[in-house]
Amino acid sequence: TQIQQLIDSFLLAFCLWLAHTLRVFATSWFNLTYTIDPFSNYWWVIVVVVPFGPLLLDLQGFYDSPMEKNKWRSFVQIVRAMIYLSIIVSGCVIFLRLPLISRAVPILFIGISIPFLLLKERIFVRRMRRRALRGELREPVLFAGSPEDMAVLERSLSEDQRLLLDIVGRIDIEKQPLSDLVEAMHRYSVGRVIFAASHTQ
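Residues numbered from 1 in each chain as written. Predicted model: local features only at pLDDT ≥ 70, side-chain atom pairs only at ≥ 80, totals over all residues. Heavy atoms only, no water.

Caption draft 1: Here's a closer look at the confidence of the model for the protein. This prediction gives the protein a mean pLDDT of 88; 96% of its residues lie at or above 70. Within the protein, the element-level pLDDT minimum falls on helix α6 (residues 159-164), averaging 82, and the maximum on helix α2 (residues 43-59), averaging 93. (pLDDT = per-residue confidence, 0-100. Helix = DSSP H or I, 4+ residues; strand = E, 2+ residues; numbered from the N terminus.)

Caption draft 2: The packing of aromatic side chains, seen in detail. Scanning all chains against the criterion turns up six aromatic pairs. Clustering of aromatic rings is evident, with ring pairs tying together F14, W17 and F116. (Phe/Tyr/Trp six-rings, centres within 6.5 Å; stacked < 30°, edge-to-face > 60°.)

Caption draft 3: The layout of surface pockets, seen in detail. Considering only enclosed or pocket space, the largest pocket measures out at about 260 Å³ in volume. Taken together, 17 residues form the lining of the largest pocket, with S86, V89, S90, L100 and P106 sitting closest to its centre. Among the secondary structure elements, those contributing two or more residues to the lining of the largest pocket are α2, α3 (71-95) and α4 (104-133). For the lining of the largest pocket, the per-class residue count stands at 14 nonpolar, two polar and one charged. Around the second largest pocket, the lining residues are E68, L137, E139, L157, Q161, L164, L165, R192 and I194. Elements that contribute at least two residues to the lining of the second largest pocket include exactly α6 and β3 (192-196). (1 Å grid on protein atoms, 1.4 Å probe; cavity = no way out; pocket = protein on both sides within 12 Å on 5 of 7 lines; lining within 4 Å. Points joined across faces, edges and corners; volume = space filled by probe spheres on them. Nonpolar A, V, L, I, M, F, W, Y, C, P; charged D, E, K, R; others polar.)

Caption draft 4: Region of interest: a nonpolar patch on the surface. Together, F14, W17 and F116 make up a nonpolar patch on the protein surface, roughly 280 Å² of accessible area in all. Along the chain, the position of F116 falls in helix α4. For F116, a relative accessible area of 31% puts it in the partly exposed group. (Patch = residues over 30% accessible without salt bridge, like charges linked within 9 Å, V, L, I, M, F, W, Y side chains within 5 Å. Areas by Shrake-Rupley, 256 points an atom, 1.4 Å probe, with all protein chains shown as cover. Salt bridge = Lys/Arg side-chain N within 4 Å of Asp/Glu carboxyl O. Buried < 20%, exposed > 50% of the residue type's maximum accessible area, 1.4 Å probe, protein only.)

Caption draft 5: Structural view of the sheet that holds strand β2 (residues 165-172). With respect to topology, three strands assemble into an open sheet ordered β2-β1-β3, the strand pairing being parallel. Of all the strands in the sheet, just β2 and β3 have a single pairing partner and so form its edges. Mean inter-strand twist for the sheet, computed between neighbouring axes without regard to direction, equals 25°. Taken together, the five bridges between strand β1 (residues 139-145) and β3 define a ladder with parallel strand orientation. The partner of G145 across the bridge, within β3, is A196. The sheet contacts of helix α7 (residues 178-188) involve β1, β2 and β3, and relative to β1 the element is tilted by about 170°. (Pairing = 2+ DSSP bridges. Axes fitted to C-alpha atoms, helices over the stretch in contact; angles between N-to-C directions. Contact = heavy atoms within 4.5 Å.)

Caption draft 6: Here's a closer look at the side chain of S113. Relative to the elements of secondary structure, S113 occurs in helix α4. Overall, the relative accessible area of 0% leaves S113 in the buried class. Setting aside residues up to four positions removed in sequence, S113 forms contacts with L12, C15 and M82.

Caption draft 7: Summary view of a positive patch on the surface. A cluster of basic residues, K71, R126, R127 and R130, forms a positive patch on the protein surface. If you tally residues by element for the positive patch, the top one is α4, at three residues. Here R130 lies in helix α4. (Lys, Arg positive; Asp, Glu negative; His and termini not counted. Charge placed at Lys NZ, Arg CZ, Asp CG, Glu CD.)

Caption draft 8: Focus on unusual backbone geometry. A positive phi angle, near 45°, is found at S65, a position not held by glycine. S65 sits in the partly exposed class, given a relative accessible area of 42%. Although it is not a glycine, S189 adopts a positive phi angle of roughly 50°. Among the secondary structure elements, S189 is positioned in the loop between α7 and β3.

Caption draft 9: Here's a closer look at the packing of α2 against α3. The geometry of α2 relative to α3 is characterised by a closest axis approach of 10 Å and an angle of 145° between their N-to-C directions. The two elements α2 and α3 meet at a crossing, and its hand is right-handed. Contacts between α2 and α3 involve W44, V45, V48, V49, F52, G53, L56 and L57 from the former and Q77, I78, A81, Y84, L85, I88, V89, C92 and V93 from the latter. Residue composition of the contact of α2 with α3, by class: 15 nonpolar, two polar and no charged. (Left-handed = near helix turned anticlockwise from the far one by under 90°.)

Here is the structure:
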């Protein structure tokens with residue numbers, strides 16, 4: 001997650017520079033009557049975007065379970081983070097009187113950032129899936145519960161979830177003592193114990 005946040009910080013800074021560059025060239029492309037202020041006036045925006053962008057994405061759950069999300073959910077999370085980021089930038093303009101003459105740059109920044117972040121996430125997910133297929137990301141887990149409930153739970157796992165879980169043992173808590181569970185936890189050095197016990201006292 002921290003690596004993704006660091007990459008997104010640089011990515012958002014690049015998107016801001018790209019938005020400013022496109023706006024500069026748009027002056028000649030579309031014969032606009034006014035020019036844009038220099039990029040030096042936007043350094044403070046980078047200072048805001050770089051730390052707050054990944055933080056707001058994290059608060060929206062953007063970095064949670066990337067292999068189990070669909071593209072629409074990621075899109076919604078990014079849009080929400082961009083809205084909050086726009087509010088922070090607007091607050092800096094209003095209350096701190098920081099310069100932001102061209103309103104087109106933030107709008108272009110949002111339009112550019114969304115596809116870039118989506119593309120980066122898809123690349124990251126594809127890389128994770130390849131590693132998962134090689135068994136590099138599998139987490140050792142124990143299932144505990146009744147045999148019927150454990151079977152139902154295992155059938156409900158998605159394909160991506162199966163790639164990330166290595167079920168090293170199953171403990172029938174109706175028949176086996178607690179000591180078997182503790183022993184199995186130590187023997188396999190499990191990361192999690194998943195209980196499937198909806199029909200168990």
